[in-house]
Amino acid sequence: MDTGTIETADLVGVLRRLGLAGPGEVRLEPLTGGVSSDILKVEAEGRTFAVKRALPKLKVAADWRAPVERNLYEVAWLQAAGAIVPDAVPPVLGHDPPSGLFAMAYLDPDSHPVWKGQLRDGRVDPAFAAEVGRRIARIHAATAGDEAVAERFATDHIFHPIRLEPYLEATAQRHPAVAAQLMGLSRDTLGTKRALVHGDVSPKNILVGPRGPVFLDAECAWYGDPAFEPAFCLNHLLLKCLWNPGAAPAFLDAFQALATAYLAGVTWEPRDAVEARIARLLPGLFLARVDGKSPVEYITRDEDRERVRATAIPLLREPPRHLEAIRTAWAQQLGLGRP
């Protein structure tokens with residue numbers, strides 16, 4: 001069967017070395033949804049689990065490459081975060097660094113639906129969004145200032161090409177008028193070292209589990225600026241207003257809930273300082289999702305792209321210090337006034 005770029009015989013051999021498969025039949029089913037890795041559902045020895053391997057070239061139209069050793073840091077992030085918030089990650093079952101493969105628990109979609117799918121359908125729960133913010137803050141607070149964690153996740157060489165270059169720096173090339181601001185954001189974010197960051201806290205990487213949010217796909221794991229984390233996720237809640245306009249007020253409520261819960265958990269530095277960095281980053285990430293290397297697939301109309309640009313560019317030129325200013329600017333752009 002076709003298992004993407006993973007050779008079936010090689011994969012089965014790795015699983016047997018890890019003790020996850022015996023001499024009997026091993027059934028493999030490719031899973032969809034990711035652009036940066038091969039992911040498979042595996043059935044072997046009466047158990048079901050998932051296997052993942054990072055790809056050197058991401059599955060997007062642009063030529064977007066990233067070091068494959070990010071797989072090592074994803075496993076390390078899952079283990080570190082799991083020690084802090086056990087319900088927030090799938091358990092790691094085995095890891096084979098030479099092949100770049102690791103196995104983790106398979107979480108059935110019936111009991112762990114993807115948050116993005118619920119948001120697409122207009123099922124927006126601000127309490128769940130708040131718990132996303134709360135759990136992120138717990139991981140940041142527990143790792144802030146930890147020199148051992150900082151040394152373990154010294155991954156600027158991964159975070160830059162997979163996050164800062166394709167988002168902020170590529171967008172700077174499209175927008176010379178705010179290129180200095182975007183390049184400054186990239187430089188300052190990379191230079192800020194405070195806590196352990198997942199790097200891709202997006203609704204597509206969050207499962208709605210019976211015990212709360214479960215985070216997947218920590219390939220961008222990095223010891224750096226915790227402000228990047230809420231900015232990245234809050235950005236998606238703003239963009240979803242264009243995907244399901246009828247639910248836009250609810251998305252803005254979820255935005256507020258996540259931001260408030262996250263900031264309430266900030267203990268490692270003044271909350272105002274963290275909020276100011278989030279508010280500075282957010283317009284850059286907002287603009288990047290229409291003009292960077294990884295535009296969101298659901299914004300297809302030119303008039304919607306222009307609404308994003310019309311909101312983001314003034315905020316890049318004069319960065320606000322509070323997230324409420326961004327929420328209000330976007331609400332006004334959508335014709336919602338001040339919900």
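Preceding this paragraph is the structure being described.
Described below are features of the structure shown in this document. (Residues numbered from 1 in each chain as written. Predicted model: local features only at pLDDT ≥ 70, side-chain atom pairs only at ≥ 80, totals over all residues. Heavy atoms only, no water.)

So, on to the sheet that holds strand β1 (residues 26–30). The strand order β1-β2-β3-β5-β4 describes an open sheet built from five strands, whose pairing is antiparallel. With partners counted over all chains shown, the strands left at the sheet margins are β1 and β4 (92–96), one partner each. Adjacent strand axes in the sheet meet at a mean angle of 25°, parallel and antiparallel pairs treated alike. (Pairing = 2+ DSSP bridges. Helix = DSSP H or I, 4+ residues; strand = E, 2+ residues; numbered from the N terminus. Axes fitted to C-alpha atoms, helices over the stretch in contact; angles between N-to-C directions.)

Moving on to the environment of I278. Structurally, I278 can be placed in helix α10 (residues 271–291). C-alpha separation for the pair I278 and A231, spaced 47 residues apart in sequence, amounts to 5.2 Å. I278 has contacts with A227, P230, A231, L234, Y262, L263 and L323, leaving out every residue within four places of it along the chain. (Contact = heavy atoms within 4.5 Å.)

Turning our eyes to something else, we now look at the packing of aromatic side chains. Aromatic rings considered in pairs are described by the distance between their centres and by the relative angle of their planes. Enumeration over the complete set of coordinates arrives at nine aromatic pairs. On the basis of an interplanar angle of 65° and a centroid distance of 5.1 Å, the ring pair of W115 and F128 is categorised as edge-to-face. Of this pair, W115 sits in helix α3 (residues 115–120) while F128 sits in helix α4 (residues 126–143); the two residues are 13 residues apart in sequence, bridging distant segments of the chain. By the burial criterion, W115 is buried, and F128 matches it. Members of the aromatic cluster, connected to one another through ring pairs, are F159, Y167, W222, F228 and F232. The aromatic ring of F153 is capped on one face by R152, whose charged end is 5.7 Å from the ring centroid. (Phe/Tyr/Trp six-rings, centres within 6.5 Å; stacked < 30°, edge-to-face > 60°. Buried < 20%, exposed > 50% of the residue type's maximum accessible area, 1.4 Å probe, protein only. Lys NZ or Arg CZ within 6 Å of the ring centre and 35° of its normal.)

The next thing to look at is the side chain of E269. For E269, the position within the fold is in the loop between α9 (248–264) and α10. Since its relative accessible area comes to 13%, E269 is described here as buried. Looking at E269, its side chain comes within polar contact range of the side chain of W268, at 3.1 Å. With residues near it in sequence (within four places) discarded, E269 still touches R194, P226, V274 and R277. (Polar contact = N/O pair within 3.5 Å; in protein donor to acceptor, adjacent residues only side chain to side chain.)

Further remarks concern the packing of helix α6 (residues 156–174) against α10. Two packed helices can be described by the angle between their axes and the distance between those axes. Axis separation between α6 and α10 bottoms out at 9 Å; the angle between their running directions is 70°. Classified by the angle between their axes, α6 and α10 sit roughly perpendicular to one another. Relative to α10, the crossing made by α6 is left-handed. The segment α6 lies against α10, with Y167, L168, A170, T171 and R174 engaging L281, G284, L285, L287, A288, R289 and D291. A breakdown of the residues in the contact of α6 with α10 according to their chemical character gives seven nonpolar, two polar and three charged. (Parallel < 35°, antiparallel > 145°, perpendicular 65-115°, else oblique. Left-handed = near helix turned anticlockwise from the far one by under 90°. Nonpolar A, V, L, I, M, F, W, Y, C, P; charged D, E, K, R; others polar.)

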